[in-house]
Amino acid sequence: MSAGAVFQEALRALRQHGLPEEAERDILAALEAGRPGPLALLYAAGTEAGLGREVLLRRAAGLFFCACAANLADDLADGECTYLARPQREGPGVQFALQSLCFATLARAELPAPVLTEAAGAMVTAAGLQALEVRTDTWTAPRFKQVAEGIAGAQWALYLRVLWEGTALAERAEAAGRNLGVAAHVAEDIRSGDARFHGMSEQDRREVVSWARAAAEAVRQEGLQCLDAVLRTVEPVLASV
């Protein structure tokens, strides 16, 4: 129910703008493609931080828009956008709308302007690292870690920074989010058989796994139930290689 509540908040935010039916349908397809994604974790992390329900849902919905924009960008780059009829024609506009919906929603979520500025900067960093990802044919441990930190680490540091603003957990957001993003990113590449990980030399794979395990342990040391729930899916994958 918690993930569903955030998704419904995102739908309400979308429908406030009175977009043409075609535009709303395309954006909804991208939202469904990004589901469940971070929905449950965003809700759980906001709840554990003590956020009120209205602020929690708005912040989480805004961040979900951001996650879906990033997911769409990745799918367009990889030729895996199967949820839009004409991805190259329709995808850029949908991504633009999702990113705009992110800020339109977060602007109503009791966030100081400096936090929104930080969020925008983190999004620029993540997008910039995708430029390296799509140009990399031969992966090494240093390049893998650079991209993982810039994409997954920076994104989750951003999500928790925005979500936990004004709470007792705010100062822990950047480190917890960065470590969580790194550990989850490596685990997902292992689980999915991604060539980004599996195409590296054995030595580089060992280096990356060791790095990810250290990140997971740092997350565990935070002692937060919402993050421990993620580790229960991440750590067995990291332990399997």
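Conventions we followed
Residues numbered from 1 in each chain as written. Predicted model: local features only at pLDDT ≥ 70, side-chain atom pairs only at ≥ 80, totals over all residues. Heavy atoms only, no water. Helix = DSSP H or I, 4+ residues; strand = E, 2+ residues; numbered from the N terminus. Rg over C-alpha atoms; globule rule 2.2 N^0.38 Å. Buried < 20%, exposed > 50% of the residue type's maximum accessible area, 1.4 Å probe, protein only. Contact = heavy atoms within 4.5 Å. Areas by Shrake-Rupley, 256 points an atom, 1.4 Å probe, with all protein chains shown as cover. Lys, Arg positive; Asp, Glu negative; His and termini not counted. Charge placed at Lys NZ, Arg CZ, Asp CG, Glu CD. Polar contact = N/O pair within 3.5 Å; in protein donor to acceptor, adjacent residues only side chain to side chain. 1 Å grid on protein atoms, 1.4 Å probe; cavity = no way out; pocket = protein on both sides within 12 Å on 5 of 7 lines; lining within 4 Å. Points joined across faces, edges and corners; volume = space filled by probe spheres on them. Nonpolar A, V, L, I, M, F, W, Y, C, P; charged D, E, K, R; others polar. Expected span 1.5 Å × (residues − 1). Salt bridge = Lys/Arg side-chain N within 4 Å of Asp/Glu carboxyl O. Phe/Tyr/Trp six-rings, centres within 6.5 Å; stacked < 30°, edge-to-face > 60°. Axes fitted to C-alpha atoms, helices over the stretch in contact; angles between N-to-C directions. Parallel < 35°, antiparallel > 145°, perpendicular 65-115°, else oblique.

Some details on the overall build of the chain
- Check the secondary structure of the chain and you find eleven helices and zero strands.
- Reading the secondary structure of the chain in the N-to-C direction produces α-α-α-α-α-α-α-α-α-α-α.
- Its C-alpha atoms give the chain a radius of gyration of 17 Å, near enough to 18 Å, the size a compact globule of 241 residues would have.
- Along the three orthogonal principal directions, the C-alpha set of the chain runs to about 55 × 45 × 30 Å.
- In the chain, buried positions account for 50% of the 241 residues.
- In the chain, 71% of the contacts between residues at least 6 apart in sequence involve partners at least 24 apart.
- When the accessible surface of the chain is split by element, carbon and sulfur atoms take 51% of a total near 11,400 Å².
- Each charge sign in the chain was given a centre, from 23 positive and 31 negative side chains, and these centres are 2 Å apart.

Considering the environment of Thr140
- Looking at the secondary structure, you find Thr140 in the loop between helix 6 (113-133) and helix 7 (141-163).
- C-alpha of Thr140 to C-alpha of Leu116: the two residues are 24 residues apart in sequence and 34 Å apart in space.
- In contact with Thr140, not counting residues within four places along its chain, are Met200 and Asp204.

Some words on the side chain of Thr136
- Here Thr136 lies in the loop between helix 6 and helix 7.
- We classify Thr136 as buried; its relative accessible area is 11%.
- A polar contact is formed between the side chain of Thr136 and the backbone oxygen of Leu132, at a distance of 2.7 Å.

What to know about the layout of surface pockets
- In this structure, the largest pocket encloses a volume near 1,700 Å³.
- In terms of lining, the largest pocket is formed by 49 residues, of which the most central are Asn71, Asp74, Ala152, His185 and Glu188.
- Mapped onto the lining of the largest pocket, the elements with two or more residues apiece are helix 3 (39-48), helix 4 (53-78), helix 5 (87-106), helix 6, helix 7, helix 8 (173-192), helix 9 (195-198) and helix 11 (225-239).
- The element contributing the most residues to the lining of the largest pocket is helix 8, with nine residues.
- Split into classes, the residues belonging to the lining of the largest pocket amount to 27 nonpolar, twelve polar and ten charged.

Points about helix 4
- End to end, helix 4 covers 37 Å across 26 residues, agreeing with the expected 38 Å (1.5 Å per residue, within 8%).
- With its phi angle positive at about 70 degrees, Gly79 sits one or two positions after the end of helix 4.

Here's the deal with helix 5
- For helix 5, which comprises 20 residues, the first-to-last C-alpha distance of 27 Å matches the rise-based estimate of 28 Å (1.5 Å per residue) to within 8%.
- Contacts from the buried residues of helix 5 go to helix 1 (2-15), helix 2 (21-33), helix 4, helix 6 and helix 7.

A look at the pattern of salt bridges
- Going through the model one piece at a time under the given rule, you end up with 17 salt bridges.
- For Arg35, the salt bridge is made with Glu32, and the minimal N-O distance between the two is 3.5 Å.
- The exposure class assigned to Glu32 is partly exposed, which follows from its relative accessible area of 39%.
- With its nearest N and O atoms 2.4 Å apart, the salt bridge here joins Glu133 to Arg196. One end of the pair, Glu133, is in helix 6; the other, Arg196, is in helix 9, and 63 residues separate them in sequence. For the pair Glu133 and Arg196, one class covers both residues: buried.
- The structure contains a network of salt bridges with shared partners spanning Glu133, Asp189, Asp194 and Arg196.

Concerning the packing of aromatic side chains
- Per the stated rule, a full pass over the model turns up four aromatic pairs.
- Ring geometry for Phe144 and Phe197: centres 6.3 Å apart, planes at 75 degrees, overall edge-to-face. Residue Phe144 is located in helix 7, and its partner Phe197 is located in helix 9; the two are separated by 53 residues in the primary sequence.
- Judged by its relative accessible area of 1%, Phe144 is buried.
- Taking the centre distance of 4.9 Å and the plane angle of 80 degrees together, the rings of Trp156 and Tyr159 count as edge-to-face. Remark: Tyr159 and Trp156 occur in helix 7; sequence separation between them is three residues, near one turn of the helix. Per residue, the accessibility class of Trp156 equals that of Tyr159, and both read buried.

Re the side chain of His185
- Of note, His185 is situated in helix 8.
- For His185, a relative accessible area of 12% corresponds to the buried category.
- Ignoring sequence-local partners within four residues, the contact set of His185 consists of Phe144, Ala148, Ala152 and Arg196.

With respect to the packing of helix 2 against helix 5
- Direction vectors running N to C along helix 2 and helix 5 enclose 75 degrees, while the axes themselves pass 10 Å from each other. Relative to helix 5, the element helix 2 lies roughly perpendicular. Of the residues in helix 5, those in contact with Asp26, Ile27, Ala30 and Leu31 of helix 2 are Glu90, Val94, Ala97, Leu98 and Leu101.
- Tallied by class, the residues present in the contact of helix 2 with helix 5 amount to seven nonpolar, no polar and two charged.

Keep in mind these values describe shape, not function.
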